Amino acid sequence: MKTNTKARTLFPTTFVFLFFLHLSFVCCRKIISSNRGEIGFTLDLIHRDSPQSPFYNPTNSLRDAFHRSFSRASFFQKSSFSTPDSIQSSISPIPGEYLMKLSIGTPPVEIVAIADTGSDLTWTQCQPCINCFQQPYPLFDSKKSSTYKTIGCDAQECTSIGSSSSCVSGNNVCEYQINYGDNSHTIGDLAFDVFTFPSTSSENVAIPNVAFGCGHDNGGTFNNHTSGIIGLGGGEVSIIKQLDKQINGKFSYCLIPIQLDSTSISNVTSHINFGSNAIVSGPDVVSTPLIRMESSTFYYLTLEGVSVGNKTLEFKSSKIGGSYAGGDEGNIIIDSGTTLTLMPSEFYENLESMLVDSINATRKEDSSGTFGLCYDSDENGTIDAPTIVAHFTNADIELSPSSTFAQVEKGLVCLTIVPAKEFAIFGNLAQANFLIGYDLVANKISFKPTDCTKY
């Protein structure tokens, strides 16, 4: 079966080696309390490259995202092969994708930080600051917060971040240090304070005693778009795990397709949901197990194969790391912070060959050498492309043609699945127009086909 594909030009951010992919603002939309004490709230995600964003730059190119996708993948791989004690310490993947707006302390002080499913520890720049990068908001001053308190060296929160923590002699304060893959870093004190998620309906979600890093020495390639990082990974110090009693291990998001001609949907945003708002249900929902690995930060799935039309290509396990379940389970990471979908080189070559046999269009080389499979498109940026289905365990996901083939320049359409040695990541372009629910209690991820512009 062939699908008429209108490939849309995408806009990732200007390339900075080993840095961020896309940034977006997040603001709270709705709060619901359930009878069991579980709360639910929804936040708007505004893509940095949307005209709504103050950081909008129409000159950004998809090729930039290609390089940053590989940069992020290389540090997923380093972390995945680390021992359990070092998983959350010496090297972390480059944060990216979305900015979350929230407040810390009493009285609350607003910060804007990168929301990242590939990080655990949440941190923000703090006064006094030995070394800080510029940010759009005032630095958080812990002395002005009546609810701020440092975390001791023997506390569970301190020991849970492994070798990235140390004890400040004489005052029993847990100090953290994180070095990112691009040599950016943050050093500071671990502390507790109130986190407040603001709502457009003036109802706030205030969570006391959230552990976070108060960074006094921060630097590298961070820029003035952020105050720090919001950790949405699966590790013990992540926001998801810390809010477990409130959200019961559940969050979901619905990402609108990234497209150049966004004027028609300029008032539409992506969304992220927590707790009771994050339940994904309905007759068209499919679910696949979350696989526990030595690295608890990242979210691992099992990809069994990929279909092109009526032909299926078996997926061979990529060398990601050790699964507690054993076998070939957990062979791909799902990540909201990586733009493209990355596949092991040998598998990619076979997939590309199947696509070439199935596409009736004029093949054209990408002059920059960035993309391997490209075609001439008509004046509307349209090609005929076969249906591509990703076969996860118990879940077949039909990928959107406009996300798998994108117009990288006028008249040139390229495949957004790319080779990456032995590593596999299911990127955010492939996740567009699905409501994707993470349930860390039931250990599953659910997919529901959804028009995210109307969600």
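My aim in this report is to walk through the structure given alongside it, one point at a time. (Residues numbered from 1 in each chain as written. Predicted model: local features only at pLDDT ≥ 70, side-chain atom pairs only at ≥ 80, totals over all residues. Heavy atoms only, no water.)

1. Notes on the sheet that holds strand β19 (residues 311–314)
The strand order across the open sheet formed by 4 strands is β19-β18-β24-β25, and the pairing between neighbours is antiparallel. On the outer flanks of this sheet lie β19 and β25 (395–398), each paired with one strand and no other. Along the sheet, successive strands turn relative to each other by an average axial angle of 25°, direction set aside. Taken together, the 5 bridges between strand β18 (residues 303–308) and strand β24 (residues 388–392) define a ladder with antiparallel strand orientation. Along β24, the bridge assignment pairs G305 with H391. Against the sheet, helix α5 (residues 345–358) touches β18, β19 and β24, its axis set at about 170° to β19. (Pairing = 2+ DSSP bridges. Helix = DSSP H or I, 4+ residues; strand = E, 2+ residues; numbered from the N terminus. Axes fitted to C-alpha atoms, helices over the stretch in contact; angles between N-to-C directions. Contact = heavy atoms within 4.5 Å.)

2. As for the sheet that holds strand β27 (residues 412–415)
Strands in a sheet are paired, the pairing made by backbone hydrogen bonds, and the direction either parallel or antiparallel. Read from one edge to the other, the open sheet built from 3 strands follows the order β22-β27-β26, with strand pairing classed as antiparallel. Across the chains shown, the open sheet's two edge strands, defined by having one partner strand only, are β22 (374–376) and β26 (405–409). Each strand axis lies, on average, 35° off the axis of its neighbour in the sheet, ignoring direction. One ladder, built from 4 bridges, connects β26 with β27; its direction is antiparallel. By the bridge assignment, Q407 is partnered in β27 with V413.

3. With respect to the pairing of β19
The pairing of β18 with β19 spans 4 bridges and is antiparallel. Following the sheet pairing, V306 is matched in β19 by L313.

4. Observations regarding the pattern of salt bridges
Applying the stated criterion across every chain yields a total of 4 salt bridges. The partner of K241 in a salt bridge is E236, with the nearest N and O atoms 3.4 Å apart. Since its relative accessible area comes to 47%, E236 is described here as partly exposed. Ionic pairing is found between D451 and K454, a salt bridge with its closest N-O pair at 3.9 Å. (Salt bridge = Lys/Arg side-chain N within 4 Å of Asp/Glu carboxyl O. Buried < 20%, exposed > 50% of the residue type's maximum accessible area, 1.4 Å probe, protein only.)

5. Observations concerning the state of the cysteines
Enumeration according to the criterion identifies 5 disulfides in this entry. Paired through a disulfide, C158 and C174 show a sulfur-sulfur distance of 2.1 Å. Since a negative S-S torsion denotes a left-handed disulfide, the C158-C174 link at about 85° is right-handed. Of the two residues, C158 sits in helix α2 (residues 156–159) while C174 sits in strand β10 (residues 173–179), which places them 16 residues apart along the sequence. Judged by relative accessible area, C158 falls into the buried class, the value being 4%. The buried category is assigned to C174, whose relative accessible area is 0%. (Disulfide = S-S within 2.5 Å.)

6. Topic: the nonpolar core
Membership of the largest hydrophobic core comes to 71 residues, with the highest contact counts inside it found for F274 and I334. In contact with F274, other than residues within four places in its own chain, are I39, G40, F41, L43, M100, L232, I240, I247, K250 and F251. Counting residues in hydrophobic clusters, the runner-up holds 19 residues, among them I114, C174, I178 and L190. (Core = buried A, V, L, I, M, F, W, Y, C linked by side-chain atoms within 4.5 Å.)

7. A word on the packing of aromatic side chains
Per the counting criterion, the structure on display carries 17 aromatic pairs. Considering the side-chain rings of F251 and Y438, the 4.4 Å spacing of their centres and the 10° angle between planes classify their relative orientation as stacked. Here Y438 lies in strand β30 (residues 434–439) and F251 lies in strand β14 (residues 250–254), a separation of 187 residues in the sequence. Overall, F251 belongs to the buried group, its relative accessible area being 0%. Seen from their ring centres, Y253 and Y438 are 5.6 Å apart, and the 45° between their planes marks the pair as tilted. Of this pair, Y253 sits in strand β14 while Y438 is found in strand β30, placing the two residues 185 residues apart along the sequence. Y438 sits in the buried class, given a relative accessible area of 1%. (Phe/Tyr/Trp six-rings, centres within 6.5 Å; stacked < 30°, edge-to-face > 60°.)

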